[in-house]
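Chain and residue survey
Here is how the chains run, residue by residue.
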Amino acid sequence: MLLRGMVGIGEASYSTIAPTIIADLFVGTKRSMIICIFYIFIPVGSGLGYITGAGVASLTGDWRWALRITPILGVVGLFLLVFLCPNPPRGAAETHGEGVSEQSSYLEDVKYLLKNKTYLWSTLGVTATAFLSGALAFWMPTFLSRAQVSQGLRPACVEEPCDSTDSYIFGAVTVLTGILGGILGSGLSRWLREKFPKSDPLICSSGLLGAAPCLFITIFVASTSIPATYVFIFFGEILISLNWAVMADILLYVVIPTRRSTAEALQISVGHLLGDAGSPFLVGAISDALSKSKPVSPEWSFHSLKYSLLVCPVVGILGGLFFFLSSLYIIGDRKAAAQLVEGPREPQDPSSEPPIELSNGDKTNHEDNLSQSI
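Residues numbered from 1 in each chain as written. Predicted model: local features only at pLDDT ≥ 70, side-chain atom pairs only at ≥ 80, totals over all residues. Heavy atoms only, no water.

This paragraph deals with the overall build of the chain. Within the chain, the regular secondary structure consists of 16 helices and zero strands. Looking at the chain as a whole, 41% of its 374 residues are labelled buried. Relative to all contacts within the chain whose residues are 6 or more apart in sequence, the contacts with residues 24 or more apart total 82%. Accessible area of the chain: about 20,600 Å², with a carbon and sulfur share of 68%. (Helix = DSSP H or I, 4+ residues; strand = E, 2+ residues; numbered from the N terminus. Buried < 20%, exposed > 50% of the residue type's maximum accessible area, 1.4 Å probe, protein only. Contact = heavy atoms within 4.5 Å. Areas by Shrake-Rupley, 256 points an atom, 1.4 Å probe, with all protein chains shown as cover.)

What follows is the structure, given as structure tokens:
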């Protein structure tokens, strides 16, 4: 638990600061593209984790060796951050390299964010997205394995190591859907944003609302057809992955540069606590409670988990509603953030402006001079 907590500190610090560095380096559609590339690697890394973990555990016969690969990758990441990652001034991209020097306390930042309705509603939407991602990542391979045992397609696992086929397939699906969903979501955002300023939260809303029926069908079709289950998992995860880059971009342009790190930190904290950290526990707790209502059997073990996973479509619908509500405020909040970055315009010196009216004599002289010039 201590080591896991230390990993979490590093992850949380990186996840909080990295998007703000990207925001300070790029602006507009280029920022959206870079954010897309950055966030694509969340599901890609997650999927590769399934594949690598299952492969290492299978080769060594011990799941602990899968965790011993992670520090090697961490050293590579540390080297890249120390020697290659720039540290631009806050708001450098929006101010042509000058940066924003305004300083504020943490309490002032929190008060500012609590007044930003787009940020509040989109944070709840991010939490719903994280809830779905966490629950599916933690329970879906187990659910698929129990479904096949329930159908008599494979025997129940009573001794480690168990069949890791589902982890391989689910990992590959997660990688592919993460790439496709991220590219599709970011592409739609860049294409629609100029025509429809509210398009970004509506894309996220559509993604979660569309994922809800896919997850519902996935849960119930697993009783009869594993291939069909993977088809609906594929479409459900694509729709969820539409959100990753877009919802990050929303935060970056409705919050001023000097408060983005605080905004990222609070959003990630809420998203993890109520989202991908809490959802596996909640689904497992519901499944355990249901399993106690009948004698233990592979069949009921599968069905108790199936019924507990029904919380996912419900959360998907709520998340879609949260993003829709954020679309009602996004235009005003984005303009407000842009105005704070640009600052008040300096009034022109009245002496530098031409006179509004000319006397008749002046007008005559002015016309003569103009004629000579022509």
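Let us keep going from here.
What follows deals with the pattern of salt bridges. Applying the stated criterion across every chain, the model contains six salt bridges. In this structure, the salt-bridge partner of D249 is R193, at a minimum N-O distance of 2.7 Å. On the criterion of sequence distance, the pair formed by D249 in helix α10 (residues 243-254) and R193 in the loop between α7 (165-192) and α8 (199-221) is long-range, its members being 56 residues apart. This pair shows no difference in class: D249 is buried, exactly as R193 is. In this structure, a network of salt bridges that share partners links the residues R193, D200 and D249. (Salt bridge = Lys/Arg side-chain N within 4 Å of Asp/Glu carboxyl O.)

Turning to the environment of W191, a few remarks are in order. Inspection of the secondary structure puts W191 in helix α7. On the accessibility criterion, W191 (54% relative accessible area) is exposed. Counting along the chain gives 162 residues from W191 to T29, while the straight-line C-alpha distance between them is 9.5 Å.

Looking now at helix α9 (residues 226-241). Every α-helix winds through 3.6 residues per turn, so residues three or four apart in the chain are directed the same way. Taking 1.5 Å of rise per residue, 16 residues should cover 22 Å, and α9 covers 22 Å from first to last C-alpha, within 8% of that figure. Here α9 has its buried residues at I226, T229, Y230, I233, G236, E237, I238, I240 and S241. Where α9 is buried, its residues meet α6 (117-150), α7, α8 and α10. Its side-chain oxygen placed 3.2 Å from the backbone nitrogen of A228, S225 serves as the N-cap of α9. (Expected span 1.5 Å × (residues − 1). Polar contact = N/O pair within 3.5 Å; in protein donor to acceptor, adjacent residues only side chain to side chain.)

Moving on, we get to the packing of α6 against α9. The packing of two helices is summarised by the inter-axis angle and the distance between the axes. At a closest axis distance of 12 Å, the pairing of α6 and α9 adopts a crossing angle of 170°. Comparing their axes, α9 and α6 come out roughly antiparallel. In contact with T129, L132, S133, L136, M140, L144, A147 and Q148 of α6, α9 contributes I226, T229, Y230, I233, E237 and I240. Residue composition of the contact of α6 with α9, by class: nine nonpolar, four polar and one charged. (Axes fitted to C-alpha atoms, helices over the stretch in contact; angles between N-to-C directions. Parallel < 35°, antiparallel > 145°, perpendicular 65-115°, else oblique. Nonpolar A, V, L, I, M, F, W, Y, C, P; charged D, E, K, R; others polar.)

Right, let's talk about the packing of aromatic side chains for a bit. In the structure shown here, the tally under the stated rule is nine aromatic pairs. When the centroid spacing of 6.0 Å and the interplanar angle of 25° are considered together, the rings of W121 and F322 count as stacked. Here the residue W121 occupies a position in helix α6, and F322 occupies one in helix α14 (residues 311-327), the gap between them amounting to 201 residues. Aromatic rings pair up to connect Y14, F38 and Y39 into one cluster. Over the aromatic face of W65 sits the side chain of R68, whose NZ or CZ is 4.5 Å from the ring centroid. A cation over an aromatic ring shows up here: R259 above the ring of Y112, its NZ or CZ 4.7 Å from the ring centre. (Phe/Tyr/Trp six-rings, centres within 6.5 Å; stacked < 30°, edge-to-face > 60°. Lys NZ or Arg CZ within 6 Å of the ring centre and 35° of its normal.)

Ranked by size, the top nonpolar core spans 58 residues in total, and within it I35, L132, M140, F143, I233, V255 and L309 carry the most contacts. Top contributing element to this core by residue count: α6, with twelve residues. Setting aside residues up to four positions removed in sequence, M140 forms contacts with A135, F170, T218 and I233. (Core = buried A, V, L, I, M, F, W, Y, C linked by side-chain atoms within 4.5 Å.)

Turning to the side chain of N243, a few remarks are in order. Relative to the helices and strands, N243 is located in helix α10. Once residues lying within four places of it in the same chain are set aside, the contact partners of N243 are T129, I203, C204, G207, L208 and F323.

Moving on: a nonpolar patch on the surface. Residues Y14, V76, L78, F79, L80, L81, V82, F83 and L84 make up a contiguous nonpolar surface patch of roughly 940 Å² in combined accessible area. With eight residues, helix α4 (residues 70-84) is the largest single contributor of residues to the nonpolar patch. One can find L84 in helix α4. (Patch = residues over 30% accessible without salt bridge, like charges linked within 9 Å, V, L, I, M, F, W, Y side chains within 5 Å.)

It is at 13 Å that the axes of α6 and α8 come closest, and there the two elements cross at 20°. The orientation of α6 with respect to α8, classified from their angle, is roughly parallel. Crossing angle aside, the handedness with which α6 passes α8 is left-handed. Taken together, the residues of α8 that come into contact with α6 (itself represented by G125, A128, T129, L132, L136, M140 and F143) are L208, L215, T218 and I219. Among the residues forming the contact of α6 with α8, the class breakdown is eight nonpolar, three polar and no charged. (Left-handed = near helix turned anticlockwise from the far one by under 90°.)

None of this, on its own, says anything about what the molecule does.
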